[in-house]
Amino acid sequence: MSDYLPLEVILEILIRLPVKSLVRCRSVCKTWNSLINNPTFISTHLQTALSKPNSHLLLLRLLKNDKENYFLYFDNDDFDEFKQLHFPVEGCLPYFTVVGSCNGLVCLRFSPQDILNLILWNPSVQKYITLPKPSITCLNDNAYLIFGFGFDSRTNDYKLLIVAGERGETLTEAYLFSLNGNSWKRVTTISPKYAIEDEISSTFVNGAVHWLGYQRGEDGGFRNTVLGFDISTEEFLVIRLPESLIGLCPMDLSIMKYEESSIAVLKRDWEDGEQLEMWVMKDYVVVGSWTKVLHLTDQSRGLLPRVLGFRKNGEVLLQVDGEMASLDLNCQQMEHLVIEAEASFVDSYVESLVLLDKGVDSGSVDDVNHASDSSYSDSS
């Protein structure tokens, strides 16, 4: 084809092909392999994929039939399964937890956290890299680590944030990994004087990693807030919570992404029987836009559903008695999905070529010790 068509036309054709086809097309000739592996082509292909209106996918980590694995599902009315994914490190899936997912990349960390084995994985191209280990000075038995993963659109770079501190104390250290530089650096910006609970969730929205922090008053009471870190400007930010959430126990709150552009906070407590509330920030960083969209109580004395995340149509994915369901917040109607499984992670997903030009093939190692030796800086 390249003998008869101009290069520009070939590029226009290739840029519209799905990831699976492009991976195969690399073997056509050296020219095509060079084109597809080019970072500019990888970036342009991603933007093309993101602009397609009907290609919504969800990444799920599911426990099915006593086996745990990752799956892609179409975010459509039927919620069809697209495919099961091949985990990059054989035999180690139960020991890894998801830090976050962005533009087809999944960031994973090995548990326990003090080992600090961190992986970036693109299941669509079956490539992964293991990150070099950061030199965290306060890593001890009393330390906690908060992880956040996202994309810096200004520099076209994927970054991982680690916030480190001691339990019950205010933030002490922050470290930022750059995929482009394959290196860590310590953040010098002074962090807000808030403490963080260990193992708390984080979410990446609008160029910043967000998590929940708190202060303790002289009376022993809490003062909660949303903390953030912009991975491009490397600045911290503080977002005020709704008044009814500020004084609660921090362990009763969690944070998640809302409609790709803002945040939601969940409240779950047992003071007057189990209750579940969800607040969404309709307009990002506009404190007056916080809106309570869900309030459930255990009137039937059954277990309340667990909120997993949001769908593209605005509905909420729930875990209900070993099954998944979709809740329409407008009419409060719930539809059970044909998935009998326990989900531990759900996020929007787009297939991309990120990592195609670096990293190692998935399934080429047998355990995490081998994986820790396979950072792309060593293989390049």
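Every residue gets a number counted from 1 within its own chain, in the order that chain's sequence is written. This being a predicted model, a pLDDT of at least 70 is required before a residue's local features are given, and a value of 80 or more before pairs of side-chain atoms are given or counted; all residues contribute to the totals for chains, interfaces and linings. In computing side-chain properties, one takes all heavy atoms of the structure into account and sets aside hydrogens as well as water.

(A) The arrangement of the overall build of the chain in detail. Broken down by element type, the chain carries seven helices and 25 strands. Taking 2.2 N^0.38 as the reference for a compact globule, 380 residues should give roughly 21 Å; the C-alpha atoms of the chain span a radius of gyration of 22 Å, in line with that estimate. Expressed as lengths along the three principal axes of its C-alpha atoms, the size of the chain is roughly 75 × 50 × 40 Å. Residue exposure (1.4 Å probe, protein chains only): buried if accessible area is under 20% of the type maximum, exposed if over 50%, otherwise partly exposed. The burial tally for the chain puts 53% of its 380 residues in the buried class. Taking the average place of the 32 positive charges on the side chains of the chain and the average place of its 52 negative ones, the gap between the two points comes to 4 Å. Counting from the N terminus, the helices are the DSSP runs of H or I reaching at least four residues and the strands are the DSSP runs of E reaching at least two. Based on C-alpha atoms, the radius of gyration is set beside the globule rule, defined as 2.2 Å times the residue count to the power 0.38. Counting rule for charge: Lys and Arg are taken as positive, Asp and Glu as negative, and neither His nor the chain ends is counted. Think of each charge as sitting on NZ of Lys, CZ of Arg, CG of Asp or CD of Glu.

(B) Geometry of the packing of aromatic side chains. Working definition: a ring pair exists when centres of Phe, Tyr or Trp rings (six-membered ring for Trp) sit within 6.5 Å. Plane angles under 30 degrees give stacked, over 60 give edge-to-face, the rest tilted. In this structure the tally under the stated criterion is 15 aromatic pairs. Their ring planes at 25 degrees and their centres at 5.4 Å tell us that Tyr73 and Phe79 sit as a pair that is stacked. A single burial state applies to Tyr73 and to Phe79, both of which are buried. With a centroid separation of 5.0 Å and 50 degrees between ring planes, the pair formed by Phe74 and Phe82 is classed as tilted. Among the residues examined, Phe82 registers a relative accessible area of 33% and is labelled partly exposed. The rings of Tyr70, Phe87, Tyr95, Phe96, Phe110 and Trp121 are connected pair by pair, giving a single aromatic cluster. Its end group placed over the ring of Phe71, Lys64 keeps NZ or CZ at 4.5 Å from the ring centre. In this structure, Arg216 packs its charged tip against the face of Phe222, placed 4.1 Å from the ring centre. Note on geometry: a ring has a charge over it if NZ (lysine) or CZ (arginine) is within 6 Å of the ring centre and within 35 degrees of the ring normal.

(C) Examining the pairing of strand β23 (residues 333-336) more closely. Two strands make a pair as long as DSSP finds a minimum of two bridges between them. Relative to β23, strand β22 (residues 323-328) is paired through four bridges, and the arrangement is antiparallel. Bridged to Ser326 within β23 is Glu335. Once β22 ends, the chain turns through four residues before running back antiparallel as β23, passing Gln332 with a positive phi of about 60 degrees.

(D) Main features of the environment of Leu63. Residue placement: Leu63 occurs in strand β1 (residues 57-64). The class of Leu63 is partly exposed, set by a relative accessible area of 37%. For the pair formed by Leu63 and Glu340, sequence separation is 277 residues and the distance between their alpha carbons is 8.9 Å. Beyond its immediate sequence surroundings of up to four residues, Leu63 is in contact with Glu68, Ala341 and Glu342. When checking whether two residues touch, look at their non-hydrogen atoms; a contact exists if any pair is within 4.5 Å.

(E) Here's a closer look at the sheet that holds β1. Taken in spatial order, the four strands line up as β3-β2-β1-β24 in an open sheet, and their pairing is antiparallel. At either end of the open sheet lies a strand with only one pairing partner, and these are β3 (81-84) and β24 (342-349). For this sheet, the mean angle separating the axes of adjacent strands, direction not counted, is 25 degrees. Inspection of the sheet shows β1 paired to β24 by seven bridges, in the antiparallel sense. Along β24, the bridge assignment pairs Leu62 with Ala343. The axes used here are C-alpha line fits, helices contributing only the stretch in contact, and every angle between their N-to-C directions lies in the interval 0 to 180 degrees.

(F) Structural context of the packing of helix α3 (residues 30-37) against helix α4 (residues 39-51). α4 packs onto α3 with a crossing angle of 60 degrees between their chain directions and a minimal axis gap of 5 Å. Two secondary-structure elements touch here, α3 through Leu35, Ile36 and Asn37 and α4 through Pro39, Phe41 and Ile42. For the contact of α3 with α4, the residue count by class is five nonpolar, one polar and no charged. Polar here means any residue other than Ala, Val, Leu, Ile, Met, Phe, Trp, Tyr, Cys and Pro, which are nonpolar, and Asp, Glu, Lys and Arg, which are charged; Gly is therefore polar.

(G) Spotlight on the sheet that holds strand β14 (residues 222-230). Judged by pairing direction, the sheet is antiparallel, and its four strands sit side by side in the order β12-β13-β14-β15 without closing on themselves. The strands lining the two open edges of the sheet, one partner per strand, are β12 (203-205) and β15 (235-239). Across the sheet, the mean angle from the axis of one strand to that of its neighbour is 40 degrees, orientation sign disregarded. The pairing of β14 with β15 spans five bridges and is antiparallel. What sits directly across from Gly228, in β15, is Leu237.

(H) Structural detail: the confidence of the model for the chain. For every residue, the predictor assigns a confidence score, pLDDT, that lies between 0 and 100. When the pLDDT values of the chain are averaged, the result is 86; 90% of them are 70 or greater. Confidence, read as mean pLDDT per element, is least for helix α6 (residues 368-371) in the chain (40) and greatest for helix α5 (residues 243-246) (96). Ignoring residues within four places in sequence, the model shows residues 364-380, a span with pLDDT below 50, making 34 contacts including any to other chains.

(I) Summary view of a negative patch on the surface. Negative charge collects at one region of the surface, where Asp77, Asp78, Asp80 and Glu335 lie side by side. Within the secondary structure, Glu335 is located in strand β23. A relative accessible area of 47% places Glu335 in the partly exposed class. Like-charged residues within 9 Å of one another, or nonpolar side chains (Val, Leu, Ile, Met, Phe, Trp, Tyr) within 5 Å, are grouped into patches, provided each residue has over 30% relative accessible area and no salt bridge. Here, Shrake-Rupley sampling with a 1.4 Å probe gives the accessible areas, and only protein chains in the shown set may cover a residue. When a carboxyl oxygen of Asp or Glu lies within 4 Å of a side-chain nitrogen of Lys or Arg, that pair is called a salt bridge.

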